[in-house]
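One letter stands for each residue in the lines below.
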Amino acid sequence: QVQLVESGGGLVQAGGSLRLSCAASGRTFSTYTMGWFRQAPGKEREFVATISWNGGSTYYADSVKGRFTISRDNAKNTVYLQMNSLKPEDTAVYYCARSVYSRVAVRSNEYNYWGQGTQVTVSS
């Protein structure tokens, strides 16, 4: 069974930065694509960023491109999301997820394991 545990969320002012981490259990972490999604109150969960099994490919939602960076450390079974120039509209619960694929994946139904989420709140 795979467990994903996010950390690093919090309250930050607009223009600030946060770094989210997602630690995964299991020995197959390096085989699969990882992704970050977010869900704001009253809205559907949306794709944020994805990274392929070896970090060679990444893809971002247009809304975060140029501000967020996804990375992974397979030796530590951890995926990261560096978030810079944060905006109030980035406020959401952020979830990491493990894909069924090794190539980049942007749809939530391409992921079969999910963390519990970490709250990010950006004040104006």
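*Asks:* I'm lost on the pairing of strand β3 (residues 18-24) in this one. Help?
*Replies:* Of all seven residues in β3, five are buried, a share of seventy percent or more. Pairing of strand β1 (residues 4-7) with β3, which is carried by four bridges, proceeds in the antiparallel orientation. By the bridge assignment, Leu4 is partnered in β3 with Ala24. Two strands pair when backbone bridges link them, and β3 and strand β8 (residues 78-83) are joined in this way by six bridges, in the antiparallel orientation. Bridge assignment links Ala23 to a residue of β8, and that residue is Thr78.

*Asks:* Honestly, the state of the cysteines in this entry has me stumped. Any pointers?
*Replies:* Each disulfide consists of a covalent bond between the sulfur atoms of two cysteine residues. Tallied over the entire structure, the rule returns one disulfide. In this model, Cys22 is linked to Cys96 through a disulfide, with the two sulfur atoms separated by 1.9 Å. Taking the sign of the torsion about the S-S bond as the criterion, the disulfide between Cys22 and Cys96, at about 40°, is right-handed. You can see Cys22 sitting in strand β3 and its partner Cys96 sitting in strand β9 (residues 92-99), a full 74 residues away along the chain. On the basis of relative accessible area, Cys96 is assigned to the buried category, the value being 0%.

*Asks:* It is not clear to me how the nonpolar core should be interpreted in this structure. Could you clarify?
*Replies:* Among soluble globular proteins, nonpolar side chains are generally buried collectively. Within the largest apolar cluster, 32 residues are counted, with the highest numbers of intra-cluster contacts made by Trp36, Leu81, Met83 and Tyr94. Counting residues per element, the ones that place at least two in this core are β3, β4 (34-39), β5 (46-51), β7 (68-73), β8, β9 and β11 (118-123). If near-sequence neighbours (up to four positions away) are discounted, Met83 is found in contact with Gly16, Ser17, Leu18, Leu20, Arg67, Phe68, Tyr94 and Val120.

*Asks:* Mind showing me how you'd approach unusual backbone geometry here?
*Replies:* Of all residues except glycine, most have a negative phi; of all peptide bonds, most are trans. Within the chain, Asn77 stands out as a residue other than glycine whose phi angle is a positive 55°. Note on placement: Asn77 falls in the loop between β7 and β8. Unlike most non-glycine residues, Ser85 shows phi in positive territory, near 50°. Turning to its location among the elements, Ser85 is positioned in the loop between β8 and β9.

*Asks:* Looking at this structure, how should I read the side chain of Asp90?
*Replies:* Relative to the assigned elements, Asp90 resides in the loop between β8 and β9. The class of Asp90 is buried, set by a relative accessible area of 1%. In this structure the side chain of Asp90 is engaged in a polar contact, spanning 2.9 Å, whose partner is the side chain of Arg38. Discounting residues that sit within four places of it in the chain, Asp90 has contacts with Arg38, Arg67, Phe68, Ser85, Val120 and Val122.

Cut-offs used in this document
- Residues numbered from 1 in each chain as written.
- Predicted model: local features only at pLDDT ≥ 70, side-chain atom pairs only at ≥ 80, totals over all residues.
- Heavy atoms only, no water.
- Buried < 20%, exposed > 50% of the residue type's maximum accessible area, 1.4 Å probe, protein only.
- Helix = DSSP H or I, 4+ residues; strand = E, 2+ residues; numbered from the N terminus.
- Pairing = 2+ DSSP bridges.
- Disulfide = S-S within 2.5 Å.
- Core = buried A, V, L, I, M, F, W, Y, C linked by side-chain atoms within 4.5 Å.
- Contact = heavy atoms within 4.5 Å.
- Polar contact = N/O pair within 3.5 Å; in protein donor to acceptor, adjacent residues only side chain to side chain.

Shape descriptors only; they carry no functional weight alone.
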